[in-house]
Each structure stands twice: as C-alpha cells, then as structure tokens.
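The primary structure of each chain is shown beneath.
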Amino acid sequence: MTDSSTFIATLPPNDLSNKKCVVNALNTPLNRAAAKVGTVHLVGAGSGDPELLTLKALRIMQRADVVLYDSLVSEDILDMCEPTAEKIFVGKRRANHALPQESINELLVKHALAGKTVVRLKGGDPFIFGRGGEELQEVVRHGIFFESIPGITAASAAASSTGIPLTHRDHAQAVKFVTAYKKSGAPNNNYDEHLDSTQTVVFYMGLHQLDELTEGLIAAGRDSATPFAVISHASLPTQQLLIGTLGSIAKQQAEAKLPTPALLIMGDVVTLYHEFADYNLGTFGKRAVCNIKQSITDKHLIPTFESVA
C-alpha cells in the first residue's frame, strides 16, 4: 500500500480547537475548564481494507493518545495508528464481549477527562449498527467534545466488491439496512416490513439466524424465488460469495459454511452480479463459493443464477 504519511502531514490542521464554534465555547466563563479536557473521535475503520480508510480517519488515528478498537478492525488498520498510543481491545463478537458497553463508555470518558485524544476505532461506520450514538450520549453527558468520522459500512463494501448495486432504477428504488437482532438479543423478526420487491434489504449480523430469517420472510409472504446473496469478509482477500434464492440460501450455507463476519443481501439487484462478474476487478484474486459443493473455477467465480437455485 502506498505510504501516505507524508501526504497526511501536509494536510492543514483540523483540530477541534481550530473550529470557531468550539473556540468560542471554550472562552465562555462556564467552559474554561473544558479546555483541559480531551476529545473523543469516533472513527469508522471501514470493512477492513486499509485502502478504503478515509484520509481524515488516518490523520486522527495518527494523533491519538488512546485507541479503543473493535474486533472487526484489521491489524493493518490498527498498525496505522500512532505507534505510541495506548491500544485497548474492546471488541464484541456475537455473545463474546471483551467488555460490556457500559465499561467502554466509562473508558472513553475516563481518558478524555484526563486530557487525552481518544480514538474510538470501529469497524464499518460508527453510526450504522456501531453503537456510536450510545457512546456519544455518555460522552456529551460529561461535557466532552466529540467528532464522528464516517467509515465505509459493510453493505457498501460488499456491494462494491461483488458488483451487486444496492439500488438500480430497474430493480430497486430503495434500500434498507436491518439488524438481525434487537438490543435485548432477541431476533428482529418484523418480517412483514421486508416484503416490498422494489426494495433491497441488507441484513447485518444475520448469518447465524439464516434459517429462521428465511423461513420467517417466506411465511410472511416474500417470494421464495427472491434472489439472495451471502457475502463473507467483504472487500478482503478472504472474501467469499454465495448466491441463491430466499428459499435455497440456508441449505447452500449449511453446505458451504461461509464464516462470519458476513452480510446478507436480498432483492432483484443480486441478479446483476452475473452481468458484471467477468469484468469486476474487485472480485479477481478473491475466493468465491460457486455452489453448495464449493466448486471453484477461474473463469466463472459464480455459475448462472439458475444453477445454484
């Protein structure tokens, strides 16, 4: 990857203290003490490919005193943080949490109140199923200034790397991002909200619930022939893709066993994969699951839609 450190160093400074609105706030009598308080920066690390990181995210990461990072942040991206920064793993994977959310909130506040520049490094985008809003509620409750830097969310990364557009005027006039689980941990089973065939539906964190999800959607009235894709490790060299229908995909996954993290895309846009596949540079060099027996060829990474249905 191209070394961008020299380029980043030439960028104009963009610290919060240089923003007029913040300077005015700090100069007011009630906020003089806040000048000694650090800041919290929610940084979207994207899908794991370091080349998809934003320049602004990189600049902030290289100025961090403390980095609280998630399990979906790749080692390559973590290595791009300031080498002297204290790095604290606070990742969550399914039912395995390094720290409860309340403890993560406390760490953000603790280090910021100590005058440090705190980077909360999150996979994807902080405001798309990243609990960024919950963490900021605690941060601002303690009078701490923050900045949120967007990252490429898994849906965008999966769509671009596989050539499955999330919207298309002939196929989908809207797109939904849906989490497979509610805050309580219960399945998000409002299946009747996802029956519109003119919408693309993207399910986050749904691979372990694929059987129940597909059965529930069909029972609610969604056509079992609806095109369906599973994308594992989107945008990474280990990316794998499984294409089928709403009625077939669970059986295909039972055979293929694609690993997490994975994203599920449902809708007619999935059929466009085959139109683009032979010309999509984003798929070259990535492993792809061709059918339920995991037969792989060099020329056609995925067979025709009918052959895997």
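Residue numbers run consecutively from 1 along every chain, following the written order of its sequence. Note on the predicted model: pLDDT of at least 70 is required for a residue's local features to be given, and 80 or more for side-chain atom pairs to be given and counted; whole-chain, interface and lining totals, by contrast, use all residues. Excluding hydrogens and water, the side-chain values take into account all heavy atoms of the structure.

1. Side note on the sheet that holds strand E1 (residues 39-44)
Heads up, the condition is: Paired strands, in this sense, are two strands between which DSSP finds at least two bridges. Secondary structure counts use DSSP, requiring at least four H or I residues in a row for a helix and at least two E residues in a row for a strand, with both numbered from the N terminus. Only the contacting stretch of a helix is used when fitting its axis, a line to C-alpha atoms as for every element, and angles between N-to-C directions run 0 to 180 degrees. The contact criterion used is simple: two residues touch if any of their non-hydrogen atoms lie within 4.5 Å.
Taken in spatial order, the five strands make up an open sheet running E3-E2-E6-E1-E7, and their pairing is parallel. Unpaired on one side and paired on the other, strand E3 (86-89) and strand E7 (145-149) mark the two borders of the sheet. Adjacent strand axes in the sheet meet at a mean angle of 20° when their direction is disregarded. Seen against the sheet, helix H5 (residues 101-113) touches E1, strand E2 (66-69), E3 and strand E6 (117-122) and runs at an angle of roughly 155° to E6. This element, helix H6 (residues 132-141), spans E1, E6 and E7 of the sheet and lies at about 175° to E1.

2. Some details on the sheet that holds strand E12 (residues 262-266)
An order of E8-E9-E12-E10-E11 is seen for the five strands of this open sheet, with the pairing classed as mixed. Of all the strands in the sheet, just strand E8 (174-179) and strand E11 (240-245) have a single pairing partner and so form its edges. If you compare each strand with its neighbour and ignore which way they point, the axes differ by 20° on average. By the bridge criterion, six bridges tie E8 to strand E9 (residues 199-204) in an arrangement that is parallel. The residue of E9 that forms the bridge with Val178 is Phe203. Across the sheet, helix H8 (residues 210-220) is in contact with E9, strand E10 (227-232) and E12; its angle to E12 comes to roughly 10°. The strands that helix H9 (residues 249-256) touches are E10 and E11; relative to E11, the one it contacts most, it runs at about 150°.

3. Some thoughts on the pairing of E2
To keep it simple, the criterion reads: Throughout, exposure labels follow a simple rule: accessible area from a 1.4 Å probe, protein chains only, divided by the maximum for the residue type, with under 20% read as buried, over 50% as exposed, and the rest as partly exposed.
Going residue by residue along E2, you find Val66 and Leu68 tucked away on one face and Val67 and Tyr69 tucked away on the opposite face as well. Examined bridge by bridge, E2 and E3 share four bridges and lie parallel to one another. For Leu68, the partnering residue across the bridge sits in E3 and is Ile88. As paired strands, E2 and E6 are joined by four bridges and run parallel to one another. Across the sheet, the residue bridging to Val67 is Val119, located in E6.

4. As for helix H7 (residues 154-162)
Buried within H7 we find Ala155, Ala157, Ala158, Ala159, Ser161 and Thr162. Turning to H7, the residues buried within the fold contact E8, E9, E10, E11, E12 and helix H10 (272-276). A positive backbone phi angle near 75° is found at Gly163, which sits one or two residues after H7.

5. Section: the packing of H8 against H9
Here is the rule we go by: Should an angle lie under 35 degrees it is considered roughly parallel, over 145 roughly antiparallel, and from 65 to 115 roughly perpendicular; all remaining angles are considered oblique. Crossing handedness is read from the near helix: turned anticlockwise from the far helix by less than a right angle, it gives a left-handed crossing, and turned clockwise, a right-handed one.
Where H8 contacts H9, the two axes come as close as 9 Å, and the packing angle between them is 170°. On the basis of their axis angle, the class for H8 and H9 is roughly antiparallel. Once H8 is placed against H9, the crossing between them reads as left-handed. Taken together, the residues of H9 that come into contact with H8 (itself represented by Leu210, Asp211 and Thr214) are Ile249, Ala250 and Gln253.

6. Quick look at the confidence of the model for the chain
The cut-off we apply is this: Predictor confidence is given residue by residue as pLDDT, running from a minimum of 0 to a maximum of 100.
The pLDDT averaged across the chain works out to 84; a share of 79% of its residues lies at or above 70. Per-residue pLDDT stays below 50 along residues 16-34; that stretch engages in 17 contacts with residues further than four places along the chain or on separate chains. Confidence drops under pLDDT 50 across residues 290-309; counting only partners more than four residues distant or on other chains, this segment forms 47 contacts.

7. Describing the packing of H5 against H6
Note the following rule: For this scheme, ten residues count as nonpolar: Ala, Val, Leu, Ile, Met, Phe, Trp, Tyr, Cys and Pro. Four count as charged, namely Asp, Glu, Lys and Arg, and the remainder, Gly too, count as polar.
Where H5 contacts H6, the axes come no closer than 9 Å and their chain directions differ by 45°. Comparing the axis directions of H5 and H6 gives the class oblique. In this structure, the crossing between H5 and H6 has a hand that is right-handed. Residues Gln101, Ile104, Asn105, Leu108 and Val109 of H5 form the contact with H6, whose participating residues are Glu134, Glu135, Glu138 and Val139. Each residue belonging to the contact of H5 with H6 can be placed in one class, and the counts come to four nonpolar, two polar and three charged.

8. Overview of the side chain of Ser74
The cut-off we apply is this: Within 3.5 Å is the distance limit for a polar contact, defined as a pair of N or O atoms, with the added protein rule that one can donate a hydrogen and the other accept it, and that residues adjacent in sequence qualify only through two side-chain atoms.
Note on placement: Ser74 falls in the loop between E2 and helix H4 (75-78). Overall, Ser74 belongs to the buried group, its relative accessible area being 19%. For Ser74, the side chain forms a polar contact with the main-chain oxygen of Gly48, separated by 3.0 Å.

9. A word on unusual backbone geometry
A cis amide bond links Thr260 to the next residue, Pro261, at an omega of -5°. Its location among the elements puts Pro261 in the loop between H9 and E12. In this structure, Phe129 takes a positive phi of about 55° despite not being glycine. Here Phe129 shows up in the loop between E6 and H6. Under the relative-accessibility criterion, Phe129 is labelled partly exposed at 38%. Here Arg131, not a glycine, exhibits a phi torsion of approximately 60°, which is positive. Within the secondary structure, Arg131 sits in the loop between E6 and H6. A relative accessible area of 36% places Arg131 in the partly exposed class.

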